[in-house]
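Structure at a glance
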Amino acid sequence: MADLLRTPLHALHVELGAKMVPFAGYDMPVQYGLGVMKEHQHTREKAGLFDVSHMGQVIVRGSSFEAAATGLETLIPVDILGLAENRQRYGFFTNAQGGIEDDLMLANRGDHVFVVVNAACKAADIAHMKAALEPDLNVLQINDRALLALQGPASEAVLADLNPAARDMNFMDVATLDLNGVETWVSRSGYTGEDGYEISVPADAAEGLARFLLSHPDVEAIGLGARDSLRLEGGLCLYGHDIDADTTPVEGALTWAIQKVRRAGGDRAGGFPGADIIFEQMRNGAPRKRVGLLPEGRAPMREGVVLFASQDATDPIGTITSGGFGPTIGGPVAMGYVPTEHATPGTTVYGDLRGKRQPLTVSKMPFTQANFKR
(Lines give C-alpha, C1' and ligand atoms only; values in the text may rest on other atoms or scores of the structure.)
Protein backbone atom coordinates (compact mmCIF):
# COMPACT_ATOMS: atom_id res chain seq x y z
CA MET A 1 0.00 0.00 0.00
CA ALA A 2 3.01 2.27 0.50
CA ASP A 3 3.39 2.95 -3.23
CA LEU A 4 -0.24 4.07 -3.65
CA LEU A 5 -0.88 7.76 -4.25
CA ARG A 6 -3.02 9.73 -1.81
CA THR A 7 -5.51 12.50 -2.48
CA PRO A 8 -5.51 15.69 -0.37
CA LEU A 9 -8.44 14.22 1.59
CA HIS A 10 -6.72 10.95 2.53
CA ALA A 11 -6.27 11.83 6.22
CA LEU A 12 -9.93 12.87 6.45
CA HIS A 13 -11.07 9.54 4.98
CA VAL A 14 -9.04 7.66 7.57
CA GLU A 15 -10.37 9.89 10.36
CA LEU A 16 -13.93 9.19 9.20
CA GLY A 17 -13.31 5.45 9.44
CA ALA A 18 -13.33 4.70 5.72
CA LYS A 19 -12.39 1.29 4.43
CA MET A 20 -9.54 2.11 2.04
CA VAL A 21 -8.77 0.12 -1.12
CA PRO A 22 -6.40 0.49 -4.08
CA PHE A 23 -8.10 2.13 -7.07
CA ALA A 24 -6.38 3.48 -10.20
CA GLY A 25 -3.11 3.75 -8.30
CA TYR A 26 -4.63 5.62 -5.35
CA ASP A 27 -5.60 4.65 -1.82
CA MET A 28 -9.32 5.41 -1.96
CA PRO A 29 -12.37 5.03 0.32
CA VAL A 30 -14.70 2.25 -0.82
CA GLN A 31 -17.19 2.83 2.03
CA TYR A 32 -17.65 4.49 5.41
CA GLY A 33 -19.55 3.48 8.52
CA LEU A 34 -22.97 3.73 6.87
CA GLY A 35 -22.09 0.98 4.40
CA VAL A 36 -22.60 0.93 0.64
CA MET A 37 -26.38 0.40 0.69
CA LYS A 38 -27.15 3.31 3.04
CA GLU A 39 -24.59 5.56 1.33
CA HIS A 40 -26.32 4.89 -1.99
CA GLN A 41 -29.76 5.60 -0.56
CA HIS A 42 -28.57 8.75 1.22
CA THR A 43 -27.22 10.14 -2.05
CA ARG A 44 -30.53 9.44 -3.81
CA GLU A 45 -32.52 11.05 -0.97
CA LYS A 46 -30.30 13.90 0.30
CA ALA A 47 -26.64 14.63 -0.61
CA GLY A 48 -23.43 12.64 -0.76
CA LEU A 49 -19.87 13.99 -0.85
CA PHE A 50 -17.38 12.05 -2.98
CA ASP A 51 -13.63 12.49 -3.27
CA VAL A 52 -12.80 12.27 -6.99
CA SER A 53 -9.41 13.97 -6.72
CA HIS A 54 -7.77 10.98 -8.41
CA MET A 55 -9.26 12.17 -11.72
CA GLY A 56 -7.03 14.15 -14.06
CA GLN A 57 -7.61 17.90 -14.38
CA VAL A 58 -6.12 19.48 -17.50
CA ILE A 59 -6.10 22.93 -19.10
CA VAL A 60 -5.68 23.14 -22.89
CA ARG A 61 -4.82 26.65 -23.97
CA GLY A 62 -3.98 28.30 -27.28
CA SER A 63 -4.12 31.78 -28.76
CA SER A 64 -7.90 31.63 -28.18
CA PHE A 65 -10.62 29.23 -27.08
CA GLU A 66 -11.32 28.60 -30.75
CA ALA A 67 -7.73 27.52 -31.34
CA ALA A 68 -7.81 25.11 -28.39
CA ALA A 69 -11.21 23.74 -29.42
CA THR A 70 -10.16 23.24 -33.04
CA GLY A 71 -7.09 21.31 -31.91
CA LEU A 72 -9.04 19.08 -29.54
CA GLU A 73 -11.61 18.31 -32.26
CA THR A 74 -8.86 16.41 -34.12
CA LEU A 75 -8.84 13.96 -31.18
CA ILE A 76 -12.43 14.05 -29.88
CA PRO A 77 -15.55 13.55 -32.10
CA VAL A 78 -17.79 16.11 -30.40
CA ASP A 79 -18.68 19.75 -31.05
CA ILE A 80 -16.18 21.64 -28.90
CA LEU A 81 -15.98 24.74 -31.09
CA GLY A 82 -19.73 25.31 -30.73
CA LEU A 83 -19.71 24.92 -26.95
CA ALA A 84 -20.93 28.13 -25.29
CA GLU A 85 -18.75 29.83 -22.71
CA ASN A 86 -19.13 28.31 -19.24
CA ARG A 87 -20.79 25.19 -20.60
CA GLN A 88 -19.55 21.61 -20.34
CA ARG A 89 -19.92 18.55 -22.56
CA TYR A 90 -19.24 14.79 -22.41
CA GLY A 91 -16.78 13.40 -24.93
CA PHE A 92 -14.16 10.74 -25.61
CA PHE A 93 -10.83 10.17 -27.31
CA THR A 94 -10.99 7.72 -30.22
CA ASN A 95 -8.31 5.63 -31.90
CA ALA A 96 -7.69 4.68 -35.53
CA GLN A 97 -9.95 1.62 -35.16
CA GLY A 98 -12.83 3.76 -33.86
CA GLY A 99 -12.33 2.52 -30.30
CA ILE A 100 -12.66 4.70 -27.21
CA GLU A 101 -9.32 5.47 -25.53
CA ASP A 102 -11.02 7.28 -22.62
CA ASP A 103 -14.19 9.20 -21.88
CA LEU A 104 -14.01 12.68 -20.39
CA MET A 105 -15.68 15.98 -19.60
CA LEU A 106 -14.64 19.25 -21.25
CA ALA A 107 -15.68 22.83 -20.61
CA ASN A 108 -15.40 26.19 -22.37
CA ARG A 109 -13.77 28.50 -19.82
CA GLY A 110 -13.53 31.53 -22.09
CA ASP A 111 -9.83 31.50 -22.97
CA HIS A 112 -9.14 27.76 -22.54
CA VAL A 113 -10.70 24.29 -22.46
CA PHE A 114 -10.84 22.58 -19.08
CA VAL A 115 -10.72 18.79 -19.41
CA VAL A 116 -11.35 16.13 -16.74
CA VAL A 117 -10.17 12.61 -17.59
CA ASN A 118 -10.29 9.25 -15.81
CA ALA A 119 -7.67 8.48 -13.18
CA ALA A 120 -6.41 5.23 -14.71
CA CYS A 121 -5.98 6.88 -18.12
CA LYS A 122 -4.74 10.36 -17.20
CA ALA A 123 -1.03 9.80 -17.86
CA ALA A 124 -1.77 8.29 -21.28
CA ASP A 125 -4.39 10.95 -22.07
CA ILE A 126 -2.08 13.84 -21.24
CA ALA A 127 0.78 12.29 -23.22
CA HIS A 128 -1.64 11.80 -26.13
CA MET A 129 -2.76 15.44 -26.04
CA LYS A 130 0.78 16.76 -25.71
CA ALA A 131 2.05 14.65 -28.62
CA ALA A 132 -0.83 15.70 -30.88
CA LEU A 133 -1.34 19.33 -29.89
CA GLU A 134 1.92 20.85 -28.68
CA PRO A 135 3.65 23.20 -29.44
CA ASP A 136 0.69 24.94 -31.13
CA LEU A 137 -1.32 24.48 -27.95
CA ASN A 138 -0.25 24.18 -24.32
CA VAL A 139 -1.46 21.11 -22.40
CA LEU A 140 -1.13 21.71 -18.66
CA GLN A 141 -1.87 19.05 -16.04
CA ILE A 142 -3.25 20.59 -12.84
CA ASN A 143 -1.53 18.96 -9.85
CA ASP A 144 -2.39 21.41 -7.08
CA ARG A 145 -6.18 21.03 -6.99
CA ALA A 146 -8.53 18.45 -5.51
CA LEU A 147 -11.89 17.47 -7.01
CA LEU A 148 -15.03 16.90 -4.93
CA ALA A 149 -18.46 15.76 -6.11
CA LEU A 150 -21.56 16.80 -4.16
CA GLN A 151 -24.45 14.69 -5.48
CA GLY A 152 -28.11 14.31 -4.65
CA PRO A 153 -31.37 16.30 -4.49
CA ALA A 154 -30.22 18.38 -1.50
CA SER A 155 -26.98 19.44 -3.24
CA GLU A 156 -28.36 22.72 -4.53
CA ALA A 157 -29.59 23.86 -1.13
CA VAL A 158 -26.32 22.82 0.53
CA LEU A 159 -24.09 24.64 -1.96
CA ALA A 160 -26.40 27.67 -2.20
CA ASP A 161 -25.87 28.18 1.54
CA LEU A 162 -22.23 28.85 0.67
CA ASN A 163 -22.90 30.81 -2.52
CA PRO A 164 -26.43 31.59 -3.78
CA ALA A 165 -25.12 31.62 -7.38
CA ALA A 166 -24.99 27.82 -7.24
CA ARG A 167 -28.78 27.84 -7.39
CA ASP A 168 -28.75 29.65 -10.76
CA MET A 169 -26.66 26.98 -12.48
CA ASN A 170 -28.31 24.41 -14.74
CA PHE A 171 -27.07 20.95 -15.75
CA MET A 172 -23.66 21.22 -17.44
CA ASP A 173 -23.16 24.89 -16.49
CA VAL A 174 -19.68 25.79 -15.25
CA ALA A 175 -18.76 28.74 -13.00
CA THR A 176 -16.03 30.11 -10.76
CA LEU A 177 -17.57 30.41 -7.29
CA ASP A 178 -16.30 31.52 -3.91
CA LEU A 179 -17.08 28.67 -1.51
CA ASN A 180 -16.14 29.03 2.14
CA GLY A 181 -13.73 31.82 1.22
CA VAL A 182 -12.00 29.80 -1.50
CA GLU A 183 -12.10 30.27 -5.29
CA THR A 184 -13.45 27.05 -6.81
CA TRP A 185 -14.29 25.86 -10.33
CA VAL A 186 -17.77 24.35 -10.19
CA SER A 187 -19.75 22.38 -12.77
CA ARG A 188 -23.34 21.30 -12.28
CA SER A 189 -22.73 17.69 -13.19
CA GLY A 190 -21.69 14.35 -11.79
CA TYR A 191 -21.79 10.63 -12.41
CA THR A 192 -24.63 9.37 -10.24
CA GLY A 193 -27.73 10.25 -12.26
CA GLU A 194 -28.60 12.80 -9.58
CA ASP A 195 -28.51 16.57 -9.57
CA GLY A 196 -25.24 17.78 -8.15
CA TYR A 197 -21.92 19.53 -8.60
CA GLU A 198 -18.27 18.76 -9.19
CA ILE A 199 -15.97 21.19 -7.41
CA SER A 200 -12.30 21.78 -8.28
CA VAL A 201 -10.66 23.33 -5.22
CA PRO A 202 -7.04 24.21 -4.33
CA ALA A 203 -5.51 21.16 -2.65
CA ASP A 204 -4.60 23.02 0.52
CA ALA A 205 -8.23 24.17 0.95
CA ALA A 206 -9.89 20.84 0.07
CA GLU A 207 -10.11 19.38 3.55
CA GLY A 208 -11.55 22.58 5.01
CA LEU A 209 -14.25 22.73 2.33
CA ALA A 210 -15.03 19.03 2.69
CA ARG A 211 -15.39 19.36 6.48
CA PHE A 212 -17.67 22.38 6.02
CA LEU A 213 -19.91 20.48 3.57
CA LEU A 214 -19.96 17.40 5.80
CA SER A 215 -21.09 19.55 8.75
CA HIS A 216 -24.43 20.02 6.96
CA PRO A 217 -27.00 17.55 8.35
CA ASP A 218 -28.01 16.46 4.83
CA VAL A 219 -24.47 15.56 3.69
CA GLU A 220 -22.66 12.24 4.24
CA ALA A 221 -19.28 11.03 2.98
CA ILE A 222 -19.76 8.44 0.23
CA GLY A 223 -17.25 5.89 -1.06
CA LEU A 224 -16.47 4.19 -4.35
CA GLY A 225 -18.87 1.31 -3.64
CA ALA A 226 -21.97 3.49 -3.72
CA ARG A 227 -20.52 5.57 -6.54
CA ASP A 228 -20.43 2.39 -8.61
CA SER A 229 -23.99 1.30 -7.80
CA LEU A 230 -25.30 4.83 -8.40
CA ARG A 231 -23.67 5.16 -11.83
CA LEU A 232 -24.79 1.63 -12.76
CA GLU A 233 -28.44 2.46 -11.98
CA GLY A 234 -27.90 5.62 -14.05
CA GLY A 235 -26.76 3.52 -17.04
CA LEU A 236 -23.39 5.30 -17.01
CA CYS A 237 -20.26 3.62 -18.34
CA LEU A 238 -17.18 2.81 -16.30
CA TYR A 239 -14.13 3.12 -18.53
CA GLY A 240 -12.10 -0.07 -18.80
CA HIS A 241 -15.20 -2.13 -18.08
CA ASP A 242 -18.21 -1.00 -20.15
CA ILE A 243 -16.17 0.82 -22.80
CA ASP A 244 -12.54 0.51 -23.84
CA ALA A 245 -10.10 0.86 -26.74
CA ASP A 246 -11.83 -2.01 -28.56
CA THR A 247 -15.32 -0.53 -28.21
CA THR A 248 -16.68 2.01 -30.69
CA PRO A 249 -19.16 4.74 -29.67
CA VAL A 250 -21.79 2.94 -31.78
CA GLU A 251 -21.28 -0.35 -29.93
CA GLY A 252 -21.20 1.54 -26.63
CA ALA A 253 -24.54 3.31 -27.39
CA LEU A 254 -22.80 6.68 -27.08
CA THR A 255 -23.50 8.22 -30.49
CA TRP A 256 -25.79 10.74 -28.76
CA ALA A 257 -22.54 12.46 -27.71
CA ILE A 258 -21.49 13.05 -31.35
CA GLN A 259 -23.28 16.22 -32.43
CA LYS A 260 -24.66 16.66 -35.95
CA VAL A 261 -21.91 19.08 -36.97
CA ARG A 262 -19.27 16.34 -36.44
CA ARG A 263 -21.23 13.55 -38.15
CA ALA A 264 -21.14 12.58 -41.81
CA GLY A 265 -22.57 15.49 -43.78
CA GLY A 266 -21.98 17.98 -40.96
CA ASP A 267 -20.03 21.22 -41.35
CA ARG A 268 -17.05 19.76 -39.46
CA ALA A 269 -17.62 16.09 -40.17
CA GLY A 270 -14.86 13.67 -39.22
CA GLY A 271 -11.28 14.74 -38.78
CA PHE A 272 -10.90 12.55 -35.68
CA PRO A 273 -9.29 9.10 -35.36
CA GLY A 274 -11.47 6.24 -36.59
CA ALA A 275 -14.09 8.52 -38.15
CA ASP A 276 -14.62 6.32 -41.22
CA ILE A 277 -15.24 3.22 -39.10
CA ILE A 278 -17.58 5.06 -36.71
CA PHE A 279 -19.53 6.66 -39.59
CA GLU A 280 -19.88 3.29 -41.33
CA GLN A 281 -21.31 1.76 -38.15
CA MET A 282 -23.63 4.75 -37.68
CA ARG A 283 -24.97 4.11 -41.21
CA ASN A 284 -25.19 0.34 -41.17
CA GLY A 285 -25.13 -0.64 -37.50
CA ALA A 286 -22.53 -2.34 -35.33
CA PRO A 287 -22.33 -6.08 -34.74
CA ARG A 288 -22.96 -5.69 -31.02
CA LYS A 289 -24.44 -3.14 -28.63
CA ARG A 290 -24.24 -2.18 -24.98
CA VAL A 291 -27.61 -2.82 -23.30
CA GLY A 292 -29.20 -2.72 -19.89
CA LEU A 293 -29.97 -6.09 -18.34
CA LEU A 294 -32.39 -6.98 -15.55
CA PRO A 295 -31.64 -10.40 -14.02
CA GLU A 296 -34.62 -12.41 -12.82
CA GLY A 297 -34.75 -12.98 -9.07
CA ARG A 298 -32.55 -11.37 -6.41
CA ALA A 299 -29.09 -12.68 -7.22
CA PRO A 300 -26.82 -10.07 -8.87
CA MET A 301 -24.92 -10.99 -12.01
CA ARG A 302 -21.56 -9.27 -12.05
CA GLU A 303 -18.88 -8.38 -14.56
CA GLY A 304 -17.63 -11.38 -16.52
CA VAL A 305 -20.86 -13.41 -16.50
CA VAL A 306 -21.20 -15.00 -19.94
CA LEU A 307 -24.47 -14.51 -21.84
CA PHE A 308 -26.30 -17.03 -24.05
CA ALA A 309 -29.29 -16.77 -26.39
CA SER A 310 -31.09 -19.69 -24.74
CA GLN A 311 -30.88 -22.02 -21.76
CA ASP A 312 -29.28 -24.78 -23.79
CA ALA A 313 -27.16 -22.80 -26.30
CA THR A 314 -23.53 -23.86 -26.41
CA ASP A 315 -21.99 -20.72 -27.93
CA PRO A 316 -21.96 -17.50 -25.86
CA ILE A 317 -23.32 -14.33 -27.42
CA GLY A 318 -21.98 -11.73 -25.00
CA THR A 319 -20.73 -10.76 -21.57
CA ILE A 320 -21.83 -8.64 -18.63
CA THR A 321 -19.48 -5.68 -18.15
CA SER A 322 -20.99 -4.20 -14.97
CA GLY A 323 -23.47 -5.68 -12.54
CA GLY A 324 -24.65 -5.60 -8.97
CA PHE A 325 -27.59 -4.89 -6.71
CA GLY A 326 -29.50 -1.66 -7.40
CA PRO A 327 -30.69 -0.31 -4.04
CA THR A 328 -33.07 2.20 -5.68
CA ILE A 329 -34.45 -0.47 -8.01
CA GLY A 330 -34.65 -3.00 -5.20
CA GLY A 331 -33.11 -5.72 -7.31
CA PRO A 332 -30.13 -6.68 -9.46
CA VAL A 333 -29.12 -4.60 -12.48
CA ALA A 334 -26.41 -5.05 -15.08
CA MET A 335 -25.17 -3.89 -18.43
CA GLY A 336 -23.23 -5.72 -21.08
CA TYR A 337 -22.84 -6.47 -24.77
CA VAL A 338 -25.04 -8.63 -26.97
CA PRO A 339 -25.34 -8.98 -30.76
CA THR A 340 -27.49 -6.20 -32.20
CA GLU A 341 -30.24 -8.70 -33.11
CA HIS A 342 -30.58 -9.49 -29.38
CA ALA A 343 -30.49 -5.84 -28.24
CA THR A 344 -34.20 -5.00 -28.47
CA PRO A 345 -35.71 -4.18 -25.04
CA GLY A 346 -37.78 -7.09 -23.79
CA THR A 347 -35.50 -9.74 -25.29
CA THR A 348 -34.59 -12.57 -22.92
CA VAL A 349 -31.00 -13.77 -22.70
CA TYR A 350 -29.39 -16.13 -20.20
CA GLY A 351 -26.43 -15.65 -17.92
CA ASP A 352 -24.25 -18.46 -16.64
CA LEU A 353 -24.34 -17.99 -12.86
CA ARG A 354 -22.36 -20.61 -10.95
CA GLY A 355 -23.03 -23.22 -13.63
CA LYS A 356 -26.77 -22.48 -13.97
CA ARG A 357 -28.45 -20.50 -16.74
CA GLN A 358 -30.52 -17.64 -15.31
CA PRO A 359 -32.73 -15.37 -17.45
CA LEU A 360 -32.14 -11.64 -17.91
CA THR A 361 -34.34 -9.17 -19.75
CA VAL A 362 -32.77 -6.61 -22.08
CA SER A 363 -33.84 -3.21 -20.74
CA LYS A 364 -33.66 0.45 -21.64
CA MET A 365 -31.33 2.60 -19.57
CA PRO A 366 -31.12 4.43 -17.24
CA PHE A 367 -32.67 2.03 -14.74
CA THR A 368 -33.67 4.94 -12.54
CA GLN A 369 -34.75 8.37 -13.76
CA ALA A 370 -32.04 11.01 -14.04
CA ASN A 371 -32.72 14.04 -11.85
CA PHE A 372 -30.64 16.74 -13.54
CA LYS A 373 -31.69 20.39 -13.34
CA ARG A 374 -32.21 21.44 -16.94
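Counting restarts for each chain: residues are numbered from 1 in the order of the written sequence. Selection of residues for local features in this predicted model requires a pLDDT of at least 70, selection of side-chain atom pairs for listing and counting requires 80 or more, and totals for whole chains, interfaces and linings are taken over all residues. By convention in this description, side-chain values take in all heavy atoms of the structure and omit both hydrogens and water.

Counting its secondary structure elements, the chain contains eight helices and 19 strands. Radius of gyration means the value over C-alpha atoms here, while the globule rule gives 2.2 Å times the residue count to the 0.38 power. Here the C-alpha atoms of the chain give a radius of gyration of 21 Å, agreeing with the 21 Å that 2.2 N^0.38 yields for 374 residues. Three exposure classes are used, based on accessible area relative to the maximum for each residue type with a 1.4 Å probe and protein chains only: buried under 20%, partly exposed in between, and exposed over 50%. Across the 374 residues that make up the chain, the buried fraction comes to 56%. Counted over contacts in the chain with a minimum sequence separation of 6, partners at least 24 positions apart contribute 65%. The convention is simple: Lys and Arg are positive, Asp and Glu are negative, and His and the chain ends are not counted. Where a charge lies is defined by one atom per residue type, namely NZ (Lys), CZ (Arg), CG (Asp) and CD (Glu). Positive and negative side-chain charges of the chain, numbering 33 and 46 respectively, have mean locations separated by a distance of 5 Å. Numbering of helices and strands runs from the N terminus, with a helix taken as a DSSP run of H or I at least four residues long and a strand as a DSSP run of E at least two residues long. Contacts between residues were defined by any pair of non-hydrogen atoms, one from each residue, lying within 4.5 Å.

The pairing of strands in a sheet happens through backbone hydrogen bonds and is either parallel or antiparallel. Strands are labelled as partners when DSSP assigns at least two bridges between them. Strand order in the open sheet formed by five strands is β5-β6-β7-β4-β8, and the pairing between neighbours is antiparallel. Here the strands that pair on one side only, and so sit at the sheet edges, are β5 (88-94) and β8 (138-142). Averaged over all adjacent pairs, the angle separating strand axes in this sheet is 30°, with direction ignored. Pairing geometry for β5 and strand β6 (residues 100-108), over seven bridges, is antiparallel. Here an axis means a line fitted to C-alpha atoms, over the contact stretch when the element is a helix, while the angle between two N-to-C directions is reported on a 0 to 180 degree scale.

Turning next to the pattern of salt bridges. Throughout this description, the term salt bridge denotes a Lys or Arg side-chain nitrogen within 4 Å of a carboxyl oxygen of Asp or Glu. One pass over the full model with this rule turns up 19 salt bridges. The partner of Arg 262 in a salt bridge is Glu 73, and the shortest N-O contact between them spans 3.7 Å. One end of the pair, Arg 262, is in the loop between α7 (224-233) and α8 (275-284); the other, Glu 73, is in the loop between α3 (65-72) and β5, and 189 residues separate them in sequence. Taking the relative accessible area as the measure of exposure, Arg 262 reaches 2% and is therefore buried. Measuring nitrogen to oxygen at the nearest pair gives 3.3 Å for the salt bridge that ties Arg 167 to Glu 156. Of this pair, Arg 167 sits in the loop between α5 (155-162) and β10 (174-179) while Glu 156 sits in helix α5; the two residues are 11 residues apart in sequence, bridging distant segments of the chain. Taking the relative accessible area as the measure of exposure, Arg 167 reaches 39% and is therefore partly exposed. Residues participating in the shared-partner salt-bridge network are Glu 73, Asp 79, Arg 89, Arg 262 and Arg 268.

Turning to the packing of aromatic side chains, a few remarks are in order. Aromatic pairs are defined between Phe, Tyr and Trp rings, using the six-membered ring for Trp, whenever the two ring centres lie within 6.5 Å; interplanar angles under 30 degrees are classed as stacked, those over 60 as edge-to-face, and all others as tilted. On inspection of all chains with the given rule, the structure shows five aromatic pairs. Plain terms: the ring middles of Tyr 90 and Trp 256 are 5.4 Å apart, the flat faces sit at 20° to each other, and that makes the pair stacked. One end of the pair, Tyr 90, is in strand β5; the other, Trp 256, is in the loop between α7 and α8, with 166 residues separating them in the sequence. Take Trp 256: its relative accessible area is 56%, and that puts it in the exposed class. Put simply, the rings of Tyr 90, Phe 92 and Trp 256 pair up and form one aromatic cluster. Only when the NZ atom of a Lys or the CZ atom of an Arg is both within 6 Å of the ring centre and within 35 degrees of the ring normal do we say a charge sits over the ring. The ring centre of Tyr 337 lies 4.2 Å from the NZ or CZ of Arg 288, which sits over that ring. It is Arg 357 that lies over the ring of Phe 308; its NZ or CZ is 3.6 Å from the centre.

Each helix should span, by expectation, one fewer than its residue count multiplied by 1.5 Å. With 12 residues, helix α4 (residues 122-133) should reach 16 Å at 1.5 Å per residue; the first-to-last C-alpha distance of 16 Å fits that figure. When α4 is considered as a whole, its buried residues turn out to be Lys 122, Asp 125, Ile 126, Met 129 and Leu 133. Buried residues of α4 fall within an arc of 95° about the axis and therefore sit on the same side. Across from the buried face of α4, at angles greater than 90 degrees, the exposed residues are Ala 123, Ala 124 and Ala 131. In this description, the arc belongs to the directions extending from the helix axis to the C-beta atoms.

As a further point, take the sheet that holds strand β18 (residues 348-353). Around the barrel, six strands lie side by side as β14-β17-β16-β15-β18-β19; this closed barrel has antiparallel pairing. Pairwise comparison of adjacent strand axes, ignoring direction, gives a mean angle of 45° for this sheet. Across the face of the sheet, α7 comes into contact with β16 (318-326) and β17 (331-339) while running at roughly 115° to β16.

Moving on, we get to unusual backbone geometry. Along the chain, Glu 134 connects to Pro 135 via a cis peptide bond; the corresponding omega equals 5°. Mapped onto the fold, Pro 135 is located in the loop between α4 and β8. Cis geometry is adopted by the peptide bond preceding Pro 366, which originates at Met 365 and carries an omega value of 5°. Along the chain, the position of Pro 366 falls in the segment after β19 (356-363). Unlike most non-glycine residues, Asn 86 shows phi in positive territory, near 65°. Relative to the helices and strands, Asn 86 resides in the loop between α3 and β5. A relative accessible area of 29% places Asn 86 in the partly exposed class. Although it is not a glycine, Arg 354 sits at a positive phi angle of roughly 50°. Positionally, Arg 354 belongs in the loop between β18 and β19.

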